[in-house]
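# Understanding the architecture of this molecule
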Amino acid sequence: MIKSKLPHVGTTIFTVMSKLAAECGAINLSQGFPDFPIDAKLSELVNAAMRAGHNQYAPMPGLPALREAISNKVERLYGFRYDPEAEVTVASGGTQAIFTAIGAVVHPGDEVIIVDPAYDCYSPTVELFGGKPVHVRLGDDMKFDAEAVKAVITPRTRMLMINTPHNPAGTILRDADMRRIIDMLRGTDIILLSDEVYEHLVFDGEPHASAINYPELRDRAFVIFSFGKVFHTTGWKMGYALAPKELMTEFRKVHQFNVFSANTPIQHALAAYMMEPSNYESVPSFYQAKRDRFARGMAKSRFKLLPCEGSYFQTADYSTISQEEDRSFAERVAREFGVATIPLSPFYMEPPADQRLLRFCFAKQDTTLDAAIEKLCRI
Ligand code: GLN
């Protein structure tokens, strides 16, 4: 009899809903991934790297050229330079970087504050390493509630996990939120894990409030990024972590025995592709147009959309349509109406009893969005 380390964990909702979408032929607005092709220049760069023979292990922390390119980009955007030698590590995706950061610093019995709804890998990863997830909730309108977070800080708090732009809520943290986080962490040795994988998907001209902007935060932070979200390559599973040298040293001790190093030809391609800022500068307006198209179409539906400030996710309230709980409602929407979505309850330790929310991914071709809207308006 196997003694499970994660007895209450099943298969992730993303896998469940994408599988359901495939089974019943539903339009898949569930798991977050684009359905359009990537830039041909980028795939050509990967092919060229393979043809040039870059097919063996990359250095453990990442290709020097890519780490350099990352440092340059981060400095350009946030005005602070991480040392590519010691403070930048290329990972096999954001989830792997989060796993590694938690594994590197969370000891058995340590408390880790997680703000629900939270991306589904956070809590199980903390538990795997013997940590104790301490869950609080976002406040009204899915906004960060600094008082709620501050109230659960104890001498055993090892880490606070934040996420902006937020998956699944689609809200962002702003300067005022970051200042409240600085205040609550001052005088503690709490490590911050700032999940910023949707860094370029911030809309309406708002700045991305990165932890990197704030010396009091970045000095104690792992900041996690993803190439998949920016360059429409989620299947490549490529991301990176930034942290001050002391933290990054611990991160790499785990990383080297977890994945050792990330995909070599893709690292070569990304290093070249990142040199051209327009390759990421065009992302906010590209996705903002998709957000707006989806919102315009859905205005004719019975769903009530929540504000979407960032990410490629739109959450919507269906309480005027049904009081059914969200997992079964999402299943029915997929089977009977032909659109797969993500229910919000799996992102909570204890979902709010009266909450009726679904998440829609709008990283889709306009034709996909229009077809989904038409179906959703029939509900
Ligand atoms: N980040 C993606 C989402 O939120 C899912 C990634 C995954 O399936 N692990 O939909």
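A brief report on the enclosed structure follows. (Residues numbered from 1 in each chain as written. Predicted model: local features only at pLDDT ≥ 70, side-chain atom pairs only at ≥ 80, totals over all residues. Heavy atoms only, no water.)

With that settled, consider the overall build of the protein. What the protein contains, in helices and strands, is 15 helices and 13 strands. Seen through its C-alpha atoms, the protein measures out along the principal axes to roughly 55 × 55 × 50 Å. Put simply, the protein has 379 residues, and 56% of those count as buried. By sequence separation, contacts in the protein at least 24 residues apart represent 75% of the contacts at least 6 residues apart. Accessible surface, the protein as shown: approximately 16,000 Å² in total, 53% of it carbon and sulfur. The positive charge centre, built from 41 side chains, and the negative charge centre, built from 46, are 3 Å apart in the protein. (Helix = DSSP H or I, 4+ residues; strand = E, 2+ residues; numbered from the N terminus. Buried < 20%, exposed > 50% of the residue type's maximum accessible area, 1.4 Å probe, protein only. Contact = heavy atoms within 4.5 Å. Areas by Shrake-Rupley, 256 points an atom, 1.4 Å probe, with all protein chains shown as cover. Lys, Arg positive; Asp, Glu negative; His and termini not counted. Charge placed at Lys NZ, Arg CZ, Asp CG, Glu CD.)

Turning our eyes to something else, we now look at the packing of aromatic side chains. Tallied over the entire structure, the rule returns 21 aromatic pairs. Taking the centre distance of 5.4 Å and the plane angle of 50° together, the rings of phenylalanine 294 and phenylalanine 360 count as tilted. Of this pair, phenylalanine 294 sits in helix H13 (residues 283-298) while phenylalanine 360 sits in strand E13 (residues 357-361); the two residues are 66 residues apart in sequence, bridging distant segments of the chain. Just as phenylalanine 294 is buried, phenylalanine 360 falls in that class too. Connected via pairs of aromatic rings, a cluster forms that spans Phe36, Tyr198, Phe286, Tyr287, Tyr312 and Phe313. (Phe/Tyr/Trp six-rings, centres within 6.5 Å; stacked < 30°, edge-to-face > 60°.)

Between its terminal C-alpha atoms helix H1 (residues 13-24) stretches 16 Å, which fits the 16 Å expected from 12 residues at 1.5 Å a residue. Along H1, the positions that sit buried rather than exposed are Ile13, Phe14, Met17, Ser18, Leu20 and Ala21. Each buried residue of H1 lies within a common arc of 155° when the element is viewed along its axis, so the set occupies one face. In H1, the exposed positions that point more than 90 degrees away from the buried face belong to Lys19, Ala22 and Glu23. Here the buried face of H1 lies against strand E1 (27-28), helix H14 (326-337), strand E11 (339-340), strand E12 (342-343) and E13. Backbone nitrogen of phenylalanine 14 and a side-chain oxygen of the N-cap are separated by 3.1 Å at the start of H1; the cap is threonine 12. (Expected span 1.5 Å × (residues − 1). Arc of directions from axis to C-beta. Polar contact = N/O pair within 3.5 Å; in protein donor to acceptor, adjacent residues only side chain to side chain.)

If you trace the four strands from one edge of the open sheet to the other, you get E9-E10-E13-E12, paired in antiparallel fashion. Of all the strands in the sheet, the pair left with one neighbour each is strand E9 (304-305) and E12. Pairing of strand E10 (residues 313-317) with E13 involves five bridges; the strand directions are antiparallel. Bridged to glutamine 314 within E13 is phenylalanine 360. This element, H14, spans E12 and E13 of the sheet and lies at about 45° to E13. (Pairing = 2+ DSSP bridges. Axes fitted to C-alpha atoms, helices over the stretch in contact; angles between N-to-C directions.)

Further remarks concern the sheet that holds strand E7 (residues 221-226). Taking strand neighbours across the sheet as the criterion, the seven strands line up as E2-E8-E7-E6-E5-E3-E4 in an open arrangement whose pairing is mixed. Looking along the sheet, the strands with just one partner apiece sit at the ends: strand E2 (88-91) and strand E4 (132-137). Neighbour-to-neighbour, the strand axes of the sheet open up by a mean angle of 20°, direction not taken into account. When E7 meets strand E8 (residues 239-242), the two strands line up antiparallel, connected through four bridges. When the bridges of E8 are listed, serine 226 appears paired with glycine 239. Across the sheet, helix H3 (residues 64-78) touches E2 and E8, and the angle it forms with E2 is around 115°. Across the face of the sheet, helix H7 (residues 175-185) comes into contact with strand E5 (157-163) and strand E6 (191-195) while running at roughly 180° to E5.

Turning next to the site of the ligand. All residues adjacent to the ligand are Phe14, Gln31, Gly32, Tyr119, Asn167, Tyr198, Phe313 and Arg359. A distance of 2.7 Å separates an oxygen atom of the ligand from a polar atom in the side chain of arginine 359. The class makeup of the residues in the shell around the ligand is four nonpolar, three polar and one charged. (Near = heavy atom within 4 Å. Nonpolar A, V, L, I, M, F, W, Y, C, P; charged D, E, K, R; others polar.)

One way to put it is that H1 packs onto H14 with a least axis distance of 9 Å and a crossing angle of 25°. In terms of orientation, H1 and H14 fall into the roughly parallel class. Taken as a pair, H1 and H14 cross one another with a handedness that is right-handed. Between H1 and H14, the contacting residues are Ile13, Met17, Leu20, Glu23 and Cys24 on the first element and Arg327, Ala330, Glu331, Ala334 and Arg335 on the second. Classifying every residue of the contact of H1 with H14 by side-chain character gives six nonpolar, no polar and four charged. (Parallel < 35°, antiparallel > 145°, perpendicular 65-115°, else oblique. Left-handed = near helix turned anticlockwise from the far one by under 90°.)

Further remarks concern empty space enclosed by the protein. Scanning all chains against the criterion turns up two cavities of 30 Å³ or more. By volume, the largest cavity is sized at about 150 Å³. In terms of lining, the largest cavity is formed by 17 residues, of which the most central are Val115, Leu138, Phe144, Asn163 and His166. Contributions of two or more residues to the lining of the largest cavity are made by strand E3 (111-116) and E5. Among the residues forming the lining of the largest cavity, the class breakdown is 13 nonpolar, three polar and one charged. Reported here for the second largest cavity is a volume of approximately 50 Å³. Surrounding the second largest cavity, Lys73, Glu199, His200, Ser226, Phe227, Val230, Phe231, Tyr240, Met274 and Tyr280 form its lining. Ranked by residues supplied to the lining of the second largest cavity, first place goes to helix H9 (residues 227-231) with three residues. In the lining of the second largest cavity, the residues fall into six nonpolar, two polar and two charged. (1 Å grid on protein atoms, 1.4 Å probe; cavity = no way out; pocket = protein on both sides within 12 Å on 5 of 7 lines; lining within 4 Å. Points joined across faces, edges and corners; volume = space filled by probe spheres on them.)

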